[in-house]
Amino acid sequence: MNKHFEYTYTTGTFELWQASMYYAYSSFMGVVNIVFIVSSVALIISRWRSASDLFRAIMAVLLLLFTVIQPASIYLRCRAALGGKKQTINLIVEETGIDVMADGKSGNISWDKVRGVVKKPTLVIIYSGDGAGYILRNSVLGGTKNELYDFVQKKIKENSHVRTE
């Protein structure tokens, strides 16, 4: 049975930021961030009453560093990378590969060129090269998220022997 998934969507800074945050928190950096946040909260709870105003300010900044400042800086970096513009993409995923149409250009990505697929709670990312890929939000995927993910995984496995590095 031939599978066919077609999505037309607009992607922008928020989608790239969301994917970057998932990447950051699922790497070693995420472990460090979480330990730092928990340590900051524990420090604030245990030392707030006896701390000087300067030390309270330092504790607050340390807590804000990974909960507000880092996500904001990642967002600004994503916005700069995209130049603040949104892009409309038409993505067709089928047995022969992935057809992509964006900015008046079209192309085909064969399955041996697809490097991976990642499913996160709010999105699916199909990697078509080193650091390049297509971010599909749940709102775009509708009820096809699991089916698309399974299909792409299957096609990657089937074509992994064909891949040329």
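In this report, the structure presented in the accompanying data block is examined. Worth saying up front: this structure is predicted, and the values here are computed from it rather than measured.

Let's talk about the side chain of Lys 155
Next, step 1: Position of Lys 155 relative to the elements: it lies in helix H5 (residues 145-159).
Next, step 2: Given the relative accessible area of 6%, Lys 155 is considered buried.
Next, step 3: When sequence neighbours within four positions are dropped, the list of residues in contact with Lys 155 reads Glu 95 and Trp 111.

With respect to the packing of aromatic side chains
Next, step 1: Evaluated as defined, the whole model comprises 4 aromatic pairs.
Next, step 2: Between the aromatic rings of Phe 5 and Phe 151, the centroid separation amounts to 5.6 Å while the plane-to-plane angle is 50°, which identifies the pairing as tilted. Separated by 146 residues along the polypeptide, Phe 5 in strand E1 (residues 4-11) and Phe 151 in helix H5 bring together distant segments of the chain.
Next, step 3: Classification of Phe 5 by relative accessible area gives buried; the value is 5%.
Next, step 4: Residue Phe 151 is classed as buried on the basis of its relative accessible area of 4%.
Next, step 5: Clustering of aromatic rings is evident, with ring pairs tying together Phe 5, Trp 111 and Phe 151.

Details of the nonpolar core
Next, step 1: If you look at the biggest cluster of nonpolar residues, it comprises 24 residues, and the most contacted ones within it are Leu 91, Val 93, Ile 98 and Leu 136.
Next, step 2: Residue assignment for this core shows that the elements contributing at least two residues are E1, strand E2 (87-94), strand E3 (97-102), strand E6 (123-129), strand E7 (132-137), helix H4 (138-141) and H5.
Next, step 3: Of all the elements, H5 adds the most residues to this core, at 5 residues.
Next, step 4: Residue contacts for Leu 91: discarding those within four places in its chain leaves Phe 5, Glu 6, Tyr 7, Tyr 9, Ile 98, Asp 99, Val 100, Tyr 134 and Leu 136.

Section: the sheet that holds E1
Next, step 1: The 4 strands lie next to each other as E1-E2-E3-E4, forming an open sheet whose pairing is antiparallel. Among the strands making up the open sheet, the edge pair consists of E1 and strand E4 (105-109). Sheet twist, expressed as the average angle between the axes of neighbouring strands with direction ignored, equals 15°.
Next, step 2: As judged from the 8 bridges shared by E1 and E2, these two strands associate in the antiparallel manner.

About the criteria used
- Residues numbered from 1 in each chain as written.
- Predicted model: local features only at pLDDT ≥ 70, side-chain atom pairs only at ≥ 80, totals over all residues.
- Heavy atoms only, no water.
- Helix = DSSP H or I, 4+ residues; strand = E, 2+ residues; numbered from the N terminus.
- Buried < 20%, exposed > 50% of the residue type's maximum accessible area, 1.4 Å probe, protein only.
- Contact = heavy atoms within 4.5 Å.
- Phe/Tyr/Trp six-rings, centres within 6.5 Å; stacked < 30°, edge-to-face > 60°.
- Core = buried A, V, L, I, M, F, W, Y, C linked by side-chain atoms within 4.5 Å.
- Pairing = 2+ DSSP bridges.
- Axes fitted to C-alpha atoms, helices over the stretch in contact; angles between N-to-C directions.

Nothing here speaks to function; it is all geometry.
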